[in-house]
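Examining the three-dimensional arrangement
Chain by chain, the residues:
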Amino acid sequence: MAHILIAEDDEAVRSFVKRALELDGHTVVAQEDGAAAAETLVREKGAFDLILSDIKMPVMDGIAFALIAARDYPKVPILLMTGFADQRERANGLDALIHDVVTKPFSLAEIRRAVSDALLGICREETRRRYA
């Protein structure tokens with residue numbers, strides 16, 4: 001299974017997603033913001049199969065983190081998540097760097113499918129159209 005790095009400032013969401021992905025057999029490292037996740041990414045020398053990051057976070061937001069991750073480890077797919085329309089719009093220009101943006105709130109099935117799609121490189125047109 002995959003080795004996944006999560007950056008999410010909301011403890012409830014971070015725990016929910018971490019547990020859900022671990023139930024699928026993935027190994028998950030969860031951090032509370034983009035800066036901590038960036039440090040983990042460097043410490044682990046980019047040895048992750050997927051990065052899953054909230055966009056709006058304190059210290060370093062998900063877009064800044066995604067830009068660093070994509071620059072330093074371009075082969076690691078990046079999946080962003082947000083509950084704010086204005087933040088989702090900020091991600092529009094990152095299509096070449098990120099796999100997709102998942103809208104919060106999401107169900108267990110939705111986040112599992114989004115992670116599976118990102119790991120397999122599947123781009124579903126019905127989700128892509130929402131962000132294009």
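Residues numbered from 1 in each chain as written. Predicted model: local features only at pLDDT ≥ 70, side-chain atom pairs only at ≥ 80, totals over all residues. Heavy atoms only, no water.

1. Focus: the overall build of the chain
Summing up its helical and strand segments, the chain has 6 helices and 5 strands in all. Listed N to C, the secondary structure of the chain is β-α-β-α-β-α-β-α-β-α-α in terms of helices and strands. Looking at the chain residue by residue over its 132 residues, the buried ones come to 47%. Put simply, the chain shows about 6600 Å² of open surface, and 54% of that area lies on carbon and sulfur atoms. (Helix = DSSP H or I, 4+ residues; strand = E, 2+ residues; numbered from the N terminus. Buried < 20%, exposed > 50% of the residue type's maximum accessible area, 1.4 Å probe, protein only. Areas by Shrake-Rupley, 256 points an atom, 1.4 Å probe, with all protein chains shown as cover.)

2. A short note on helix H1 (residues 11–23)
Between its terminal C-alpha atoms H1 stretches 18 Å, which fits the 18 Å expected from 13 residues at 1.5 Å a residue. Each element contacted by the buried residues of H1 is listed here: strand S1 (3–7), strand S2 (27–31), strand S3 (50–54) and helix H5 (108–120). One side-chain oxygen at the N-terminal end of H1 lies 2.9 Å from the backbone nitrogen of Ala 12; it belongs to Asp 10. (Expected span 1.5 Å × (residues − 1). Contact = heavy atoms within 4.5 Å. Polar contact = N/O pair within 3.5 Å; in protein donor to acceptor, adjacent residues only side chain to side chain.)

3. Description of a nonpolar patch on the surface
Residues Leu 119, Leu 120 and Ile 122 make up a contiguous nonpolar surface patch of roughly 250 Å² in combined accessible area. Among the structural elements, Leu 120 can be located in helix H5. Note on Leu 120: relative accessible area 61%, which makes it exposed. (Patch = residues over 30% accessible without salt bridge, like charges linked within 9 Å, V, L, I, M, F, W, Y side chains within 5 Å. Salt bridge = Lys/Arg side-chain N within 4 Å of Asp/Glu carboxyl O.)

4. Some details on the sheet that holds strand S4 (residues 78–82)
Across the sheet, which stays open at both edges, the 5 strands sit in the order S2-S1-S3-S4-S5 with parallel pairing between neighbours. Of all the strands in the sheet, the pair left with one neighbour each is S2 and strand S5 (100–103). Taking each pair of neighbouring strands and ignoring which way they run, the sheet shows an average axis angle of 20 degrees. Two elements, S3 and S4, share 4 bridges in a ladder whose sense is parallel. (Pairing = 2+ DSSP bridges. Axes fitted to C-alpha atoms, helices over the stretch in contact; angles between N-to-C directions.)

5. Structural notes on the pairing of S2
Alignment of S1 against S2, held across 5 bridges, turns out to be parallel. Paired with Leu 5 across the bridge in S2 is Val 29.

6. Topic: the side chain of Arg 14
Relative to the helices and strands, Arg 14 is located in helix H1. Among the polar contacts listed, one links the side chain of Arg 14 to the backbone oxygen of Glu 8, at a separation of 2.5 Å. Residues contacting Arg 14, with those up to four places away along its chain left out, are Glu 8, Asp 9, Ala 30, Gln 31 and Glu 32.

7. Thoughts on the nonpolar core
The biggest cluster of nonpolar side chains holds 22 residues, and the ones touching the most others in it are Leu 5, Leu 41, Ile 51, Phe 65, Ile 78, Leu 80 and Ile 98. Breaking this core down by element, the ones donating at least two residues are S1, helix H2 (34–43), helix H3 (62–72) and S4. Among the elements that line this core, the one with the most residues is H3, at 5 residues. Ignoring sequence-local partners within four residues, the contact set of Ile 51 consists of Leu 5, Leu 41, Phe 65, Ala 69, Val 76, Pro 77, Ile 78 and Leu 79. (Core = buried A, V, L, I, M, F, W, Y, C linked by side-chain atoms within 4.5 Å.)

8. Here's the deal with the pattern of salt bridges
Throughout the structure, instances matching the rule amount to 7 salt bridges. Note that Glu 22 is salt-bridged to Lys 18, the shortest N-O span being 2.5 Å. Note that Glu 22 and Lys 18 are positioned in helix H1 at a spacing of 4 residues, about one turn of the helix. For Glu 22, a relative accessible area of 34% gives the class partly exposed. By relative accessible area, Lys 18 is classed as partly exposed at 26%. For Lys 104, the salt bridge identified is with Asp 54, shortest N-O distance 3.3 Å. Pair noted here: Lys 104 is in the loop between S5 and H5 and Asp 54 is in strand S3, with a separation of 50 residues, a long-range link. Here the two residues Lys 104 and Asp 54 agree in accessibility, since each one is buried. Members of the salt-bridge network, linked through shared partners, are Glu 8, Asp 54 and Lys 104.

All we've got here are geometric facts, nothing functional implied.
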